[in-house]
Amino acid sequence: MKKIILSIASVLYFTASAFAVEQELNPLITAMPSLSIAPDARAAGMGDVGVATTADLNSLYWNAAKFAYMDSKGGITANYTPWLRKLVSDIDLAHLEGYYNIGDLAGGIAASFTYFSMGDVQLTDANGTAIQNCRPNEWALDVSYYRKLHEYVSMAVALRFMYSDLNNGVNSSISGSSQEMHAAWTMAADVDLYYRQPIDIKMGTSYFALGFTLTNLGGKMTYDDVSRNFIPATMRIGASYELPFDNYNKLTFNLQADKLLVPSRKSRFTEGFNKEDPTTWQMSQDQYSQMTSVSGIFKSFADAPGGAAEEFKEVRWGAGLEYTYNRQFFARVGYSYENFYKGNRNYITVGAGFHLSIFSLDVAYCIGLASSNPLDQTMRFTLGFDLAGIKDLVNNRKEK
């Protein structure tokens, strides 16, 4: 049953092996890959780019240090994504996030909750006999503190609790064996940096920004107390340039690179590795499970059998454009690239937004470029509320 559940979960998650020839694949597999799904429509409309973009209500997911540059005192946002709709109809991602600025010197706090439902899954025993249905799910709770270190520099740290239940508790008490499936959990931390500097040009004031984050730095997860899986620790580096044309129109250019800090199962550190013999590249489950999180992070930069050329292929690239009119209407387009042998999740994204002083609404749409791409036609929705705007509206009504 354990193998059946893991197989189903792998298919429902990301289908990283759905696009390339099996013999050539060497994707990076992690527990809780749902944490790698961009939850908000704004970033999703720009090719899943958000580490260096201007601050918004979903900054905690991308770079909590950006919150230090928010104009408002606080805000909350709700995000919804019907996931992999070309394959199934009942997988969903929900994300709630909020922040509160204490003050320029004191900084601020932010928190978020992410819930990923994998829909209904039919469990069977070793003979293929149906047992019952379950609803596997994963969730994460984040708390972050951020503050400005300088007029142009801010930093944030975040703590995350992660929980993954692939069998929904169905077979956790069938036997006392240590290899029975159970829910997995762990703790992780983020470290975020953000640099944003104004540049005076003929059309007005432009802004250049850099973002750097290390996310999901934490322990491994186990579903059976035997195999221990790496979580999606990720390094993100991005740049952004905001160019105004006049007082109403501006265009923002964004670029981002993501690297999973996770070791590969096909590795140069495999016991008995022979570069000329591919049959010696696959690391055993025992060796992979015994590798510590810290060791895995460092080895992830130099473990690919193909050397530096293959390591470079593990970088996902994203680029996005955002057009803004009067800080109220937004149009977005983006592109995300992943190497063919690392998952091949290549797609174009488009999006739009409408923002007022009280609330904001954003939508995004994904157009898959690879054949039979399950991410094709994926949509995301974001609804945000500005707490200062709501407070002003209430006060104005009271005065009347």
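Going by the structure above, here's the rest.
So, here is what we can say about the structure in this document. On a predicted model such as this, the values are computed, not experimentally measured, just so you know.

**Quick look at the layout of surface pockets**
As a volume, the second largest pocket reaches approximately 1,300 Å³. Lining the second largest pocket are 48 residues, with Thr-54, Ala-55, Met-70, Asp-71 and Arg-327 positioned closest to its centre. Looking at the lining of the second largest pocket, the elements that each hand over two or more residues are β8 (184–201), β9 (204–218), β12 (234–244), β13 (249–260), β14 (315–325), β15 (329–337), β17 (359–368) and β18 (379–386). With 4 residues, the top contributor of residues to the lining of the second largest pocket is β18. A class-by-class count of the residues in the lining of the second largest pocket yields 16 nonpolar, 17 polar and 15 charged.

**Regarding the packing of aromatic side chains**
Applying the stated criterion across every chain yields a total of 16 aromatic pairs. Note on Tyr-61 and Trp-62: the rings are 4.9 Å apart at their centroids and 85° apart in plane angle, and the pair reads as edge-to-face. Across the pair, Trp-62 and Tyr-61 agree in class, each one buried. Aromatic pair Phe-329 and Phe-354: ring centres 5.2 Å apart, planes at 40°, arrangement tilted. You can see Phe-329 sitting in strand β15 and its partner Phe-354 sitting in strand β16 (residues 347–355), a full 25 residues away along the chain. The exposure class assigned to Phe-329 is partly exposed, which follows from its relative accessible area of 40%. Taken together, the ring pairs in this structure connect Phe-113, Trp-139, Phe-161, Tyr-163 and Trp-185 into an aromatic cluster. Looking at Arg-265, its charged tip hangs above the ring of Tyr-288, at a distance of 5.1 Å from the centre. Positioned above the aromatic ring of Phe-269 is the side chain of Lys-299, whose terminal nitrogen or guanidinium carbon lies 5.1 Å from the ring centre.

**Quick look at the pattern of salt bridges**
Tallied over the entire structure, the rule returns 16 salt bridges. The salt bridge involving Arg-316 is made with Asp-258; its shortest N-O contact spans 3.0 Å. Highlighted residues: Arg-316 in strand β14 and Asp-258 in strand β13, separated in sequence by 58 residues. Just as Arg-316 is buried, Asp-258 falls in that class too. Residue Lys-342 pairs with Glu-314 through a salt bridge whose shortest N-O separation is 3.5 Å. Placement of Lys-342 in the loop between β15 and β16 and of Glu-314 in the loop between α6 (308–313) and β14 is noted, with a sequence separation of 28 residues between them. With respect to class, Lys-342 is no different from Glu-314; both count as buried. Within this structure, Arg-42, Asp-56, Glu-322, Arg-332 and Asp-362 form a network of salt bridges that share partners.

**A short note on the side chain of Asn-58**
Here Asn-58 is to be found in the loop between α2 (41–44) and α3 (59–63). Separated by 2.7 Å, the side chains of Asn-58 and Asn-79 make a polar contact. With near-sequence residues (within four places) excluded, Asn-58 lies in contact with Asp-40, Thr-77, Asn-79, His-95, Glu-97 and Thr-382.

**Observations concerning the pairing of β9**
Bridge count between β8 and β9: 13 bridges; the pairing is antiparallel. Residue pairing for β9: Leu-193 is matched across the bridge by Phe-212. Between β8 and β9, which pair antiparallel and follow one another directly, the connecting turn spans 2 residues. As paired strands, β9 and β12 are joined by 9 bridges and run antiparallel to one another. Bridged to Thr-213 within β12 is Arg-236.

**So, empty space enclosed by the protein**
To find leftover empty space, one rolls a probe the size of a water molecule over the atoms. A full pass over the atoms with the stated rule returns 4 cavities of 30 Å³ or more. Of the volumes computed, that of the largest cavity is approximately 130 Å³. Taken together, 15 residues line the largest cavity, and the ones lying closest to its centre are Leu-35, Tyr-61, Asp-142, Arg-160 and Asn-216. Secondary-structure elements contributing two or more residues to the lining of the largest cavity are β3 (107–117), β6 (137–148), β9 and β12. When grouped by side-chain class, the residues that make up the lining of the largest cavity number 4 nonpolar, 7 polar and 4 charged. Volume-wise, the second largest cavity comes out at about 50 Å³. Every residue along the wall of the second largest cavity is listed here: Asn-216, Gly-218, Gly-219, Lys-220, Phe-230, Ile-231, Ala-233, Leu-261, Val-262, Ser-293 and Ile-297. Of all the elements in the fold, those that place two or more residues in the lining of the second largest cavity are β9 and α5 (293–299). Class assignment for the residues of the lining of the second largest cavity results in 6 nonpolar, 4 polar and 1 charged.

Rules used in this analysis
- Residues numbered from 1 in each chain as written.
- Predicted model: local features only at pLDDT ≥ 70, side-chain atom pairs only at ≥ 80, totals over all residues.
- Heavy atoms only, no water.
- 1 Å grid on protein atoms, 1.4 Å probe; cavity = no way out; pocket = protein on both sides within 12 Å on 5 of 7 lines; lining within 4 Å.
- Points joined across faces, edges and corners; volume = space filled by probe spheres on them.
- Helix = DSSP H or I, 4+ residues; strand = E, 2+ residues; numbered from the N terminus.
- Nonpolar A, V, L, I, M, F, W, Y, C, P; charged D, E, K, R; others polar.
- Phe/Tyr/Trp six-rings, centres within 6.5 Å; stacked < 30°, edge-to-face > 60°.
- Buried < 20%, exposed > 50% of the residue type's maximum accessible area, 1.4 Å probe, protein only.
- Lys NZ or Arg CZ within 6 Å of the ring centre and 35° of its normal.
- Salt bridge = Lys/Arg side-chain N within 4 Å of Asp/Glu carboxyl O.
- Polar contact = N/O pair within 3.5 Å; in protein donor to acceptor, adjacent residues only side chain to side chain.
- Contact = heavy atoms within 4.5 Å.
- Pairing = 2+ DSSP bridges.

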